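Structure assessment
Listed below, chain by chain, are the residues.
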Amino acid sequence: MNRPAILLAFACSAAAQTPYELLLKGGHVIDPKNAVSGVMDVAVSGGKIARVAPNIPAREARTVADLSGLFVTPGLVDIHTHLYAGTGARALAGDQSVYPDGFSFRTGVTTMVDAGTSGWRNFPDFEQRVIARAKTRVLAFLNICGVGMAAQGEDNPEDMDAGEAVKMAKAHPGLVVGFKVAHYALPDFRDVERAVEAAGQTGLIVMVDFGTAQGPRNIANLLQEKLRPGDIYTHMYSGLRQELVNGAVNPAMIAARKRDVIFDLGHGGGSFFWNIAAPAFEQGFYPDSISTDLHADSMNTGMKDLPNVMSKVLSFGIPLERVIAMSTWNPAREIGHTELGNLDVGAEADIAVLALERGHFGFLDSAGARRPGDRKLTTETTIRKGAVVWDLNGRAAADWKSFPYKPPQPPR
Ligand SMILES: [Zn+2]
């Protein structure tokens, strides 16, 4: 045997012994797409999910993380965030946007969808400045308004051009998942109509932040006449557009749900109130998806992060498996990315490891009102494309006493 052959044989036998780079051991796996909920191991190799099964031997992996007592889920998918940071513009583009990697992984989120912070005019700048530089997977709804949420002009119908929006979306297939309208304050539906027009021409969806309801621009007309099955109504517990009528969930919302209009939580800084959410939950009107509406204000007030918002939903007695579905598989399907939000063998290994703490907790709404809870989800470890990108307690790390530190190098 010549020398390269010997080396190859050695490499093959080593690979046979440890086929997996990472083994997540002993956690309770919840994978709603595959109806999995139970203690199981997850093996990762080449950045992909390699195997999900009970009792995968530790010797088959180079790195083993003991996750007993924790929950292992697909990487969380947050479909309402604001990430167009660094523009210098006021409002959500610029000062209130956050850079994805500075927030995502520490909260278990591996996919963030920007909700229309940029529009068809400035999306290329957003793409180059933020999306292409992020380790987080960032997708986007294009604002139907060309300037997006940059400073003034988001409700200027003159800047809402379905044709230009379609062109930009078609130039970025997969990356642009739909069209967003937000903060519109005129008494008509030109924003929604143009977004639906663009969506119709691309096979994509519309996400609506309803802005101001007035005159004929009301929630019943929006849900009955404008939105199509698969379109998303975000901020569902805002109470700002008659989501509740005399304490009851607006019948227009119940009717819209029957024809598959999607209801998304979209917490934000001013869109989640206990006095709206509690009656809605009591009446069984739950979110299809849980999203944060992440921005610098919401993260520092009642919203905080996605696991915190998930904990609020959990506090209404919704089973954990369903809460996980609302934060993984459901949003992945809503945006047409069914390769995400699951732990299929062969899927990119985006994984969240969550702790379910028990104790006395308080959860704040957008008004600052407190509601107590006795369970709280927090993020222990996050894996993106097979790499550990957040590890609160070093569960995937070697002990310092056996760690292969490099010897100090003498100064040159
Ligand atoms: Zn928003």
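Only a predicted model underlies this, so the values are computations on that prediction, with no experimental measurement involved.

Conventions and cut-offs
- Here the residue numbers are simple positions, counted from 1 along each chain's written sequence.
- Per-residue local features of the predicted model are confined to residues with pLDDT of at least 70, and side-chain atom pairs are confined, for both listing and counting, to 80 or more; whole-chain, interface and lining totals are unaffected and use all residues.
- Calculation of side-chain values draws on the structure's entire complement of heavy atoms; hydrogens and water are dropped beforehand.
- Numbering goes from the N terminus for both helices and strands, where a helix is a DSSP run of H or I of at least four residues and a strand is a run of E of at least two.
- The globule rule used here is 2.2 Å times the number of residues to the 0.38 power, and the radius of gyration it is set against is calculated over C-alpha atoms.
- A 1.4 Å probe rolled over the protein chains alone gives each residue an accessible area, and that area as a share of the maximum for its type sets the label: buried under 20%, exposed over 50%, partly exposed in between.
- Note on definitions: a residue-residue contact is assigned when non-hydrogen atoms from the two residues lie within 4.5 Å.
- Areas reported here follow the Shrake-Rupley algorithm with a probe of radius 1.4 Å; residue values treat only the protein chains shown as occluding.
- Positive charges come from Lys and Arg, negative ones from Asp and Glu, while His and the chain ends are left out of the count.
- In this description, the location of a charge corresponds to atom NZ of lysine, CZ of arginine, CG of aspartate or CD of glutamate.
- A 2.8 Å cut-off from the metal defines N, O and S donors, relaxed to 3.2 Å for Na, K and Ca; water is not in the atom list, so some sites may appear incomplete.
- To pair, rings of Phe, Tyr and Trp, with the six-membered ring standing in for Trp, must have centres within 6.5 Å; the planes then decide the type, stacked if under 30 degrees apart, edge-to-face if over 60, and tilted in the middle.
- What qualifies as a polar contact is a pair of N or O atoms within 3.5 Å, subject to a donor-acceptor requirement within protein and to the restriction that residues adjacent in sequence count only when both atoms come from side chains.
- Criterion for a salt bridge: a side-chain nitrogen of Lys or Arg within 4 Å of a carboxyl oxygen of Asp or Glu.

**Focus: the overall build of the chain**
A tally of helices and strands in the chain yields 10 helices and 17 strands. Scaling as 2.2 N^0.38, a compact globule of 412 residues should have a C-alpha radius of gyration of about 22 Å, and the chain matches this with 23 Å. Oriented by its inertia axes, the alpha-carbon framework of the chain measures out at about 80 × 45 × 45 Å. Within the chain, buried positions represent 54% of all 412 residues. In the chain, the share of contacts with a sequence separation of at least 24, taken over all contacts with a separation of at least 6, comes to 74%. About 17,300 Å² of surface is accessible on the chain, with carbon and sulfur atoms providing 53% of the total. Charged side chains in the chain number 41 positive and 44 negative. The centres of these two groups are separated by 5 Å.

**Some thoughts on the coordination of the zinc ion**
Around the zinc ion, the protein contributes the donor atoms His-80 (NE2), His-82 (NE2) and Asp-293 (OD), at 2.1 to 2.4 Å from the metal centre. Site description for the zinc ion: donor spacing in sequence, H-x1-H-x210-D. Here His-82 is found in the loop between strand S6 (76-81) and strand S7 (109-119), whereas its partner Asp-293 is found in the loop between helix H7 (274-282) and helix H8 (306-314), with 211 residues between them in sequence. Asp-293 shares its class with His-82; the two are buried.

**Quick look at the packing of aromatic side chains**
Per the counting criterion, the structure on display carries 12 aromatic pairs. Consider the rings of Tyr-84 and Phe-126, whose centres lie 5.2 Å apart with planes at 50°: the pair is tilted. Highlighted residues: Tyr-84 in the loop between S6 and S7 and Phe-126 in helix H2 (residues 123-129), separated in sequence by 42 residues. Side by side, Tyr-84 and Phe-126 carry an identical accessibility label, which is buried. Ring centres 6.1 Å apart and planes at 75° place the aromatic pair Phe-123 and Phe-126 in the edge-to-face group. Note that Phe-123 and Phe-126 are positioned in helix H2 at a spacing of three residues, about one turn of the helix. Relative accessible area serves as the criterion here: at 0%, Phe-126 is assigned to the buried category.

**Notes on helix H5 (residues 219-226)**
All of the buried residues along H5 are Ile-219, Asn-221, Leu-222 and Leu-223. Buried residues along H5 sit in contact with helix H4 (190-202), strand S10 (205-208), strand S11 (232-233), helix H6 (251-258) and strand S14 (262-263). Sitting at the amino-terminal end of H5 is Asn-218, which places a side-chain oxygen 3.2 Å from the backbone nitrogen of Ala-220.

**A look at the pattern of salt bridges**
Applying the stated criterion across every chain yields a total of 16 salt bridges. For Arg-217, the salt bridge identified is with Asp-191, shortest N-O distance 2.9 Å. Of the two residues, Arg-217 sits in the loop between S10 and H5 while Asp-191 sits in helix H4, which places them 26 residues apart along the sequence. Residues Arg-217 and Asp-191 agree in their burial class; the two are buried.

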